[in-house]
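# Summary of structural features
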Amino acid sequence: EAQVTQNPRYLITVTGKKLTVTCSQNMNHEYMSWYRQDPGLGLRQIYYSMNVEVTDKGDVPEGYKVSRKEKRNFPLILESPSPNQTSLYFCASSPGDRYTGELFFGEGSRLTVL
Amino acid sequence: RKEVEQDPGPFNVPEGATVAFNCTYSNSASQSFFWYRQDCRKEPKLLMSVYSSGNEDGRFTAQLNRASQYISLLIRDSKLSDSATYLCVVSLNTGGFKTIFGAGTRLFVKA
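Treat the numbers as computed from the prediction; the structure is a model and nothing was measured.

## Let's talk about the nonpolar core
Nonpolar side chains tend toward joint burial in soluble globular proteins. Counting 25 residues, the largest nonpolar core has Phe21(B), Trp35(B), Ile71(B), Leu73(B), Ile75(B), Tyr86(B) and Leu107(B) as the members making the most contacts within it. Within the residue set of this core, elements represented by two or more residues are strand S3 (19–25), strand S4 (30–38), strand S5 (45–50), strand S7 (60–65), strand S8 (70–75), strand S9 (84–93) and strand S11 (105–110) of chain B. Among the elements that make up this core, the one with the highest residue count is S9(B) (five residues). Not counting residues up to four positions away in its chain, the partners in contact with Phe21(B) are Phe11(B), Trp35(B), Ile71(B), Ser72(B), Leu73(B), Ile75(B), Tyr86(B), Thr105(B) and Leu107(B). Counting residues in hydrophobic clusters, the runner-up holds 19 residues, among them Val21(A), Ile46(A), Tyr64(A) and Val113(A).

The structure is reproduced here in structure tokens:
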């Protein structure tokens, strides 16, 4: 089954404790992206990647890192999480060597930072 | 000013009603336009792309007006299952591809 898989789906952590949210897609998509969703603000793009070893900042990259060492994986790293990073996070991928528009989303990861 | 603006609603309509959502975007370099549907904090899913010529998919019609930087979605003969949040999405080619989501419009269809 074609899918984007995120882990963990739910996480409660404390300020400053490094964490990684994994994202994996099995559709051989070049484009992958991370978003956070907060009430009243909609989804905001954190980082995106056009292909392996190619990443770029979205609108809200501060406090996050990403890597794209393999085509299928695009982990999101919070080196020192803070309470303002409490949010619902979505990973998405898109086919083709150019972004075509249709994004396939993972089920989301709900993160709480205390 | 938000780059993509939508009326948050909620829109409360009876089954069978016709409902229209509007969306405006501020960046004239926007290249591609979409409506996504999101159910109750689940992942968004593509509803339809939006083209300048307008496009229709069953009960759903989308329109794009580039001159006014305005996108619309019309739902005819609303069903209970149409209850969801509808997200207006714009993408820009900035060397890479950035996607900008509106905050969404909530629709409740009631029996």
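Still to come is the rest of the account.
## What to know about the interface of chain A and chain B
Interface size is often expressed as the accessible area that is lost when the parts come together. The partner chain B presents 21 residues to the 24 residues of chain A that form the contact. Where chain A abuts chain B, roughly 1900 Å² becomes buried across the two surfaces, and 53% of that area is made up of carbon and sulfur atoms. Inspection of the chain A/chain B interface yields zero salt bridges. Applying the counting rule to chain A against chain B returns four residue pairs in polar contact (both at pLDDT 80 or more). Mapped onto the side of chain A that touches chain B, the elements with two or more residues apiece are strand S4 (31–38), strand S5 (42–51) and strand S9 (87–94) of chain A. Of all the elements, S5(A) adds the most residues to the side of chain A that touches chain B, at five residues.

The rules behind each value
- Residues numbered from 1 in each chain as written.
- Chains lettered and ligands numbered in written order.
- Predicted model: local features only at pLDDT ≥ 70, side-chain atom pairs only at ≥ 80, totals over all residues.
- Heavy atoms only, no water.
- Core = buried A, V, L, I, M, F, W, Y, C linked by side-chain atoms within 4.5 Å.
- Buried < 20%, exposed > 50% of the residue type's maximum accessible area, 1.4 Å probe, protein only.
- Helix = DSSP H or I, 4+ residues; strand = E, 2+ residues; numbered from the N terminus.
- Contact = heavy atoms within 4.5 Å.
- Buried area = accessible area lost by both parts, 1.4 Å probe.
- Salt bridge = Lys/Arg side-chain N within 4 Å of Asp/Glu carboxyl O.
- Polar contact = N/O pair within 3.5 Å; in protein donor to acceptor, adjacent residues only side chain to side chain.

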